[in-house]
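# Fold and geometry: a report
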Amino acid sequence: MKALSFIAGRALQGLIVMIGVSLIVFFALFLTGDPAAVMMPPEASRAEIEAFRHAMGYDDPILVQYLRFAGGVLSGDFGRSLRFQRPAVDLLFERLPATALLAITALLWSSLLGFVLGTVAAVRQNGAVDFVIRVISLLGQAIPVFWLALLLIIVFSLNLRWLPSGGIGTAQQLILPSLALGAYYFSAITRLVRASLIEVLGENYIRTARAKGISNFRIVVHHALRNALIPVLTVQGMYFASLLGGALITEIIFAWPGIGRLAVDSIQTKDFPVVQAVVLFAAFTFVVTNFLVDVAYVFLNPRIRL
Amino acid sequence: MKHVRALLLAAAGLLIPVSLATAQESEITIGRSVSTTAMDPGFLREAATIVDNVFDTLVMRDENMQLVSGLAESWKPIDDTTWEFKLKKGVKFHNGEDFDAEAVKFTIDRIIDPAANSPTLSYIRTVSGVEVVDPETVRITTDGPDPLLPTRMSRYPTYIVPPDYVKSVGNDEFARKPVGTGPYEFVEFIPDQHVILKANPDYWRGAPSIGKVTFRAIPDGTARVTALLTGEADFIESVPVDLAPMVEQSPDADLVLVKNGGLTVYLGLVMKEAPLDDLKVRQALDAAIDRKGIVDNILRGMATPKGTQVGPADFGYLEIPPTPYDPAKAKKLLAEAGYPDGFSIKMESTHRYMKDSEVAQAIAQQFGDIGIQVDQEVLDWSVYTQEVPRPGPIYMLGWGSTQTLDADAAVYAIMRSGEPYSTVDVPELDALLDESRKIVDPAAREKVLQEIQKVAAEKVPLLTLYQEDALYGKARDVVFAGRPDARIPVYDIRLTR
């Protein structure tokens, strides 16, 4: 019963967040200026701009526009892209597979490698190997993605000519963008696994296990890792949700046709409906992932049951 | 006899695969800085690079930018407000539909229909109607004398579209799967990835030499140049100034530099506000700018300092040398205007033009040298277009006339008081600008257009800086010199593979 009300409470919180996001998305865009003036070419006369504004409904009271927007969203209609003259939702879902592919690849390699290196570093705490891994993971988190992406292109495409500089379609084209995108998560996961494992390894039950004469390998794999992974999985869920919202910089530099590029192009051209659809979608993925993680906790970890 | 026939057959058998093979091999990949969103020439919200290759206009421009016959055999004014076009016979759209006078009427009617809200309506705003005389003759009427009408029929939005196809699939579908009469047929469009075209073998000017064209969107400058240098692309648009030397030095690629192929960048002045309402202040600002220094040092010579907004390729161009850099004179003018100690003023710029932030910074420093404190602000383009041209009071903008190659496009919108992009308020200019739009006789019109530039040089309603060059990159085996109107007609590109 308690678990049920906890889940219901979380769902309600998610709903409130979504309403809040929709309000912010809607009003913030209008605060930045007049879409009609941007969408029309510079040579357009005032009368032509006015006619466009009226046709798009931008001259209605802002509350009317919001209610129309919210009503549309609930029925799956985010309006039509001003640039593409197509439903914003179609544009979003067309680009979702590309973004998902990049996100999954980046998360996969960064998790696997981060997990292995994090474990090694924790077991060899304060040793030379640990030091090297810590430096690498610090660099990975410190290097800005736009710089890393360009560096990868210059080294692997321009100088070595091993990999294509961008685009989508072949496995080779996936390597550089997923490397650039995953670098940060790899570092974050390495550090998290290391810290979490070191903490668990200091617990009493590990000491007990050691006292019982269990091998070090068995202690780490069977006893410590299982507990150390709970925070790591939570963080990965969050990373995945944020990656699904599109990797803005990576997608632009590598000409990757995903949601992030759509978002940036739409912001630059004030394509309101698309921006709203992308931001709401990103928020929705986040809220849903968060909710699922919370629900999973209820079943996985009895201590969280309130 | 039998032997001869057998030999001939064998020869033919040998020849056919060879010619097919060359046609298949000749393909080109063009890297663009922007993604295509839609390809309906009547409702375009982006550069016409792709539709330029799929559609034809009634009038065309040759490589010397002269108006020549396109889908129209000939044209002439019938009276002050009517132009008659005689159309080519036997031209077909890619889907087999016939090109005729009805297609011309349909094309223009769908743009000038107020309910259609065409974003490119302003380009043909003067057109009031189209009348079909017979299948090979149309008359286009304007709401006043319009000397530029044939020019308006030389580029989008007046690319001729097939009426039956557009009506049956609707505007949205047409924008995704365009059908024209042009040298290339549409094959595939995947948003944010590419547009693929293939040669139209029945093209009325003869089949194109390049068989397949892929336009790829590569938004990042470094990635675009890399794609060219590694052979992923054969031709790229907008080479960043900083990366131009990399293209120049490459053994595999060449830099294509089209002198005066870009926009003319200027500093707009909100003239109504003090102290910019004072001619001497404007002249002082004008003389304080070291245009040559900026072009040589910041833009690496890839622009030309100018004294007029009109481009040398434009009709009505008057050569006016750029204002000489003379800080001493600028200081003197400022003192005469009553500002011996200068003043402080805000200047806005954006990220849109070649090295714009660096240029703005250099100018701010040069203004500082004559005692004017500049409060510099750099805004993102999407925000900038909301601000400019109003707040300023000094703002950087680039303006061009590639659409028409006529001085009118270069000056009217930014110098006529009351126009959305104008902060100029000079009655003398207004009178001349209005007059220029009423004259049909080319010689008389050219005179007025040149007079406008003279007056502008005297009254300094804005500070013309320089005209950017257009920078393209091409693989060694691509033959194309670039055009002042910024088109990339694949039909005219040759490959030497």
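What counts and what doesn't
- Residues numbered from 1 in each chain as written.
- Chains lettered and ligands numbered in written order.
- Predicted model: local features only at pLDDT ≥ 70, side-chain atom pairs only at ≥ 80, totals over all residues.
- Heavy atoms only, no water.
- Helix = DSSP H or I, 4+ residues; strand = E, 2+ residues; numbered from the N terminus.
- Rg over C-alpha atoms; globule rule 2.2 N^0.38 Å.
- Buried < 20%, exposed > 50% of the residue type's maximum accessible area, 1.4 Å probe, protein only.
- Contact = heavy atoms within 4.5 Å.
- UniProt positions renumbered as here; feature names shortened; annotations may be inferred.
- Pairing = 2+ DSSP bridges.
- Expected span 1.5 Å × (residues − 1).
- Bend = angle between axes of the 7 residues up to and from the residue.
- Salt bridge = Lys/Arg side-chain N within 4 Å of Asp/Glu carboxyl O.
- Polar contact = N/O pair within 3.5 Å; in protein donor to acceptor, adjacent residues only side chain to side chain.
- Nonpolar A, V, L, I, M, F, W, Y, C, P; charged D, E, K, R; others polar.
- Phe/Tyr/Trp six-rings, centres within 6.5 Å; stacked < 30°, edge-to-face > 60°.
- Axes fitted to C-alpha atoms, helices over the stretch in contact; angles between N-to-C directions.
- Core = buried A, V, L, I, M, F, W, Y, C linked by side-chain atoms within 4.5 Å.
- Parallel < 35°, antiparallel > 145°, perpendicular 65-115°, else oblique.
- Left-handed = near helix turned anticlockwise from the far one by under 90°.
- Patch = residues over 30% accessible without salt bridge, like charges linked within 9 Å, V, L, I, M, F, W, Y side chains within 5 Å.
- Areas by Shrake-Rupley, 256 points an atom, 1.4 Å probe, with all protein chains shown as cover.
- Arc of directions from axis to C-beta.

### Considerations on the overall build of chain B
- In terms of regular secondary structure, chain B is built from 15 helices and 21 strands.
- The C-alpha atoms of chain B give a radius of gyration of 25 Å, which matches the 23 Å a tight globule of 497 residues would have.
- Projected onto its principal axes, the C-alpha positions of chain B cover 100 × 55 × 35 Å.
- Of all 497 residues assigned to chain B, the portion counted as buried reaches 58%.
- Expressed as a percentage of contacts within chain B between residues at least 6 apart in sequence, the contacts between residues at least 24 apart total 69%.

### Comments concerning the UniProt feature "transmembrane region" (unreviewed entry) in chain A
Residues and elements named next belong to chain A.
- Taken from the UniProt record, the annotation "transmembrane region" (unreviewed entry) applies to residues 12-31, 100-123, 135-156, 162-186, 228-254 and 274-300.
- Note that residues 135-156 is 91% helix and 0% strand, and that its end C-alpha atoms are spaced 23 Å apart.
- Within the segment residues 162-186, helix and strand shares are 64% and 0% respectively, and the terminal C-alpha atoms sit 23 Å apart.

### Notes on the pairing of strand E8 (residues 184-190) of chain B
All names here are of chain B.
- Relative to strand E9 (residues 194-199), E8 is paired through six bridges, and the arrangement is antiparallel. Its bridge partner lying in E9, Glu-188 is registered against Ile-196.
- Between E8 and E9, which follow one another and run antiparallel, lie three residues, and Asp-192 among them has a positive phi close to 65°.

### Looking at helix H5 (residues 88-123) of chain A
- Given a rise of 1.5 Å per residue, 36 residues ought to cover 52 Å, and the 50 Å separating the end C-alpha atoms of H5 of chain A matches this to within 8%.
- In H5 of chain A, a bend of some 35° at Leu-96 of chain A exceeds every other bend along the element, and Pro-97 of chain A, a proline, comes one to four places later.

### Details of the pairing of strand E6 (residues 127-134) of chain B
- Here E6 of chain B pairs with strand E7 (residues 137-142) of chain B via six bridges, running antiparallel. Residue pairing across strands places Glu-131 of chain B opposite Arg-139 of chain B, the latter belonging to E7 of chain B.

### Remarks on the pattern of salt bridges
- Under the defined criterion, the tally for this structure stands at 45 salt bridges over all chains.
- Of the charged contacts in the structure, one is a salt bridge between Arg-416 of chain B and Asp-430 of chain B, with a shortest N-O distance of 3.2 Å. Linking Arg-416 of chain B in the loop between helix H13 (407-415) and helix H14 (427-436) with Asp-430 of chain B in helix H14, this pair joins segments that are 14 residues apart in sequence.
- With a relative accessible area of 11%, Asp-430 of chain B lands in the buried category.
- Asp-434 of chain B is the partner of Arg-416 of chain B in a salt bridge, and the nearest nitrogen-oxygen pair spans 2.8 Å. Residue Arg-416 of chain B is located in the loop between H13 and H14, and its partner Asp-434 of chain B is located in helix H14; the two are separated by 18 residues in the primary sequence.
- Through salt bridges that share partners, Arg-86, Glu-94, Arg-95 and Arg-261 of chain A together with Asp-192 of chain B make up one connected network.

### Points about the interface of chain A and chain B
- Residue-level contacts link 46 residues of chain A with 38 residues of chain B.
- One can count four salt bridges joining chain A with chain B.
- In this structure, the salt-bridge partner of Arg-261 of chain A is Asp-192 of chain B, at a minimum N-O distance of 3.9 Å.
- Across the chain A-chain B interface, the total number found is seven residue pairs in polar contact (both at pLDDT 80 or more).
- Of all the elements in the fold, those that place two or more residues in the side of chain A that touches chain B are helix H2 (35-39), helix H3 (46-56), H5, helix H7 (145-159), helix H11 (248-253) and helix H12 (259-268) of chain A.
- Here the residues of the side of chain A that touches chain B are counted per class, giving 23 nonpolar, 10 polar and 13 charged.

### Here we look at the packing of aromatic side chains
- Considering all chains together, one arrives at 20 aromatic pairs over all chains under this definition.
- With a centroid separation of 5.5 Å and 85° between ring planes, the pair formed by Tyr-184 of chain A and Tyr-185 of chain A is classed as edge-to-face.
- For Tyr-184 of chain A, a relative accessible area of 38% corresponds to the partly exposed category.
- Ring geometry for Tyr-165 of chain B versus Phe-174 of chain B: centroids 5.9 Å apart, planes at 70°, classification edge-to-face. Taken individually, Tyr-165 of chain B and Phe-174 of chain B each receive the classification buried, so the pair is uniform in this respect.
- A connected cluster of aromatic rings, assembled from ring pairs, spans Phe-55, Tyr-159, Tyr-165 and Phe-174 of chain B.

### Points about the sheet that holds strand E16 (residues 373-379) of chain B
Residue and element names in this part refer to chain B.
- Taken in spatial order, the six strands of this open sheet run E14-E18-E13-E17-E15-E16, and their pairing is mixed. With one partner strand each, in any of the chains shown, strand E14 (303-305) and E16 form the two edges of the open sheet. The mean inter-strand angle of the sheet, taken between neighbouring strand axes irrespective of direction, is 25°.
- Across six bridges, strand E13 (residues 264-269) lies against strand E17 (residues 394-399) in antiparallel orientation. Within the sheet, the bridge partner assigned to Gly-268 lies in E17 and is Tyr-395.
- Of the strands in this sheet, E13, E17 and strand E18 (462-468) are in contact with helix H8 (residues 279-288), which crosses E18 at around 25°.

### Some points on the nonpolar core
Residues and elements named next belong to chain B.
- Membership of the largest hydrophobic core comes to 96 residues, with the highest contact counts inside it found for Leu-267, Leu-285, Ile-363, Phe-367, Ile-394, Met-415 and Tyr-466.
- Among the elements that line this core, the one with the most residues is H13, at seven residues.
- If we ignore the near neighbours within four places in the chain, the residues touching Phe-367 are Leu-267, Leu-285, Ala-288, Ile-289, Met-347, Ile-372, Val-374, Ile-394 and Leu-463.

### Observations regarding the packing of H5 of chain A against helix H10 (residues 216-244) of chain A
Residues and elements named next belong to chain A.
- Here H5 crosses H10 at 150°, and the two axes come no closer than 11 Å. Comparing their axes, H10 and H5 come out roughly antiparallel. Between H5 and H10 lies a crossing of right-handed hand. Residues Leu-96, Thr-99, Ala-100, Ala-103, Ile-104, Leu-107, Ser-111, Phe-115, Thr-119 and Val-123 of H5 form the contact with H10, whose own contacting residues are Val-220, Leu-225, Leu-229, Gln-236, Tyr-239, Phe-240, Leu-243 and Leu-244.
- Here the contact of H5 with H10 is built from residues that sort into 14 nonpolar, four polar and no charged.

### Looking at the sheet that holds strand E11 (residues 235-236) of chain B
Residues and elements named next belong to chain B.
- The strand order across the open sheet formed by seven strands is E8-E9-E10-E1-E11-E19-E12, and the pairing between neighbours is mixed. Only two strands of the sheet have a single neighbouring strand rather than two, namely E8 and strand E12 (253-258).
- The pairing of E11 with strand E19 (residues 470-475) spans two bridges and is antiparallel. Bridge pairing links Phe-235 to Lys-474 in E19.

### Notes on a nonpolar patch on the surface
Residue and element names in this part refer to chain A.
- A cluster of nonpolar residues, Phe-146, Trp-147, Leu-151, Val-155, Leu-160, Trp-162, Leu-248 and Ile-249, forms a patch on the protein surface that exposes about 770 Å² of accessible area.
- Going through the elements one at a time, H7 and H11 are the ones with two or more residues in the nonpolar patch.
- Note on placement: Trp-147 falls in helix H7.

### Quick look at helix H6 (residues 128-142) of chain A
All names here are of chain A.
- Over its 15 residues, H6 runs 21 Å from end to end, which matches the ideal 21 Å to within 8%, given 1.5 Å per residue.
- When we look at burial in H6, the residues that qualify are Asp-130, Ile-133, Ser-137 and Gly-140. Along the axis of H6, the buried positions cluster into a sector of 90°, meaning they face one direction only. What points out from H6, more than 90 degrees from its buried face, is the exposed set Ala-128, Phe-131 and Ala-142.
- Those residues of H6 that are buried are in contact with H5 and helix H8 (171-201).

### Details of the side chain of Ser-26 of chain B
- Of note, Ser-26 of chain B is situated in the loop between helix H1 (2-25) and strand E1 (27-32).
- If we skip the residues at most four places from it in the chain, Ser-26 of chain B touches Ser-209, Ile-210, Gly-211, Lys-212 and Leu-495 of chain B.

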